[in-house]
Amino acid sequence: MTREDVQRWLDDYVEAWRTYEPARIEALFSAAARYRFQPWAEPVEGRERIVASWLTNRDEPDSWQAEYRPLVVDGAVAVAEGWTSYRDHQDQGPRTYHNIFVLRFDAEGRCAEFTEYYMERPAGTSGGSD
């Protein structure tokens, strides 16, 4: 994978999240992919279960913005960084999260392993989407 390949995948990830179109989500992941929403969580295993998980846990349309970019790409492994900003996250008001994704890709450029690390930006601080 190149940095450009990973950026294209990240852009497709954001678009799949925005649309929740099952075919877009499916296209991101290998058949046996493992997806962790947090590093300590049990993985969602298999593309079909990943799609079902995304469709079950939807964010409201136009309630968020996100931007991610590759930080490190080493063959089939990449680390991406970015931010996600919600206008009103879980009825708690605006929130911004800084994200790190650890990604492992298969030979076709589909993600075979995905782990997300995130931290909420404290109120009154700047960075990320500013």
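Now for a quick tour of the structure. None of these values were measured; they are calculated from a predicted model.

### What to know about the side chain of threonine 115
Line of reasoning, step 1. The residue threonine 115 is located in strand β6 (residues 111-120) in this model.
Line of reasoning, step 2. Excluding its chain neighbours within four sequence positions, the residues that come into contact with threonine 115 are Arg36, Gln38, Pro39, Ile100, Phe101 and Val102.

### Describing the side chain of glutamate 116
Line of reasoning, step 1. Relative to the helices and strands, glutamate 116 resides in strand β6.
Line of reasoning, step 2. One buried charged residue, glutamate 116, remains without a salt bridge, the closest side chain of opposite sign being arginine 36 at 12 Å.
Line of reasoning, step 3. Of note is the side chain of glutamate 116, whose polar atom sits 2.8 Å from the side chain of asparagine 99.
Line of reasoning, step 4. With near-sequence residues (within four places) excluded, glutamate 116 lies in contact with Arg36, Phe37, Gln38, Pro39, Asn99, Ile100 and Phe101.

### Focus on the nonpolar core
Line of reasoning, step 1. Trp9, Tyr13, Trp17, Phe29, Trp54, Leu103 and Phe114 are the most contacted members of the largest nonpolar core, which has 29 residues in total.
Line of reasoning, step 2. Listing elements by their share of this core, those giving two or more residues are α1 (3-19), α2 (22-28), β1 (29-36), α3 (47-56), β3 (64-74), β4 (77-86), β5 (95-105) and β6.
Line of reasoning, step 3. Among the elements that line this core, the one with the most residues is α1, at 7 residues.
Line of reasoning, step 4. Apart from the residues within four sequence positions on either side, phenylalanine 114 is in contact with Trp9, Tyr13, Phe29, Arg34, Tyr35, Arg36, Phe101, Val102 and Leu103.

Conventions used here
Residues numbered from 1 in each chain as written. Predicted model: local features only at pLDDT ≥ 70, side-chain atom pairs only at ≥ 80, totals over all residues. Heavy atoms only, no water. Helix = DSSP H or I, 4+ residues; strand = E, 2+ residues; numbered from the N terminus. Contact = heavy atoms within 4.5 Å. Buried < 20%, exposed > 50% of the residue type's maximum accessible area, 1.4 Å probe, protein only. Lys, Arg positive; Asp, Glu negative; His and termini not counted. Salt bridge = Lys/Arg side-chain N within 4 Å of Asp/Glu carboxyl O. Polar contact = N/O pair within 3.5 Å; in protein donor to acceptor, adjacent residues only side chain to side chain. Core = buried A, V, L, I, M, F, W, Y, C linked by side-chain atoms within 4.5 Å.

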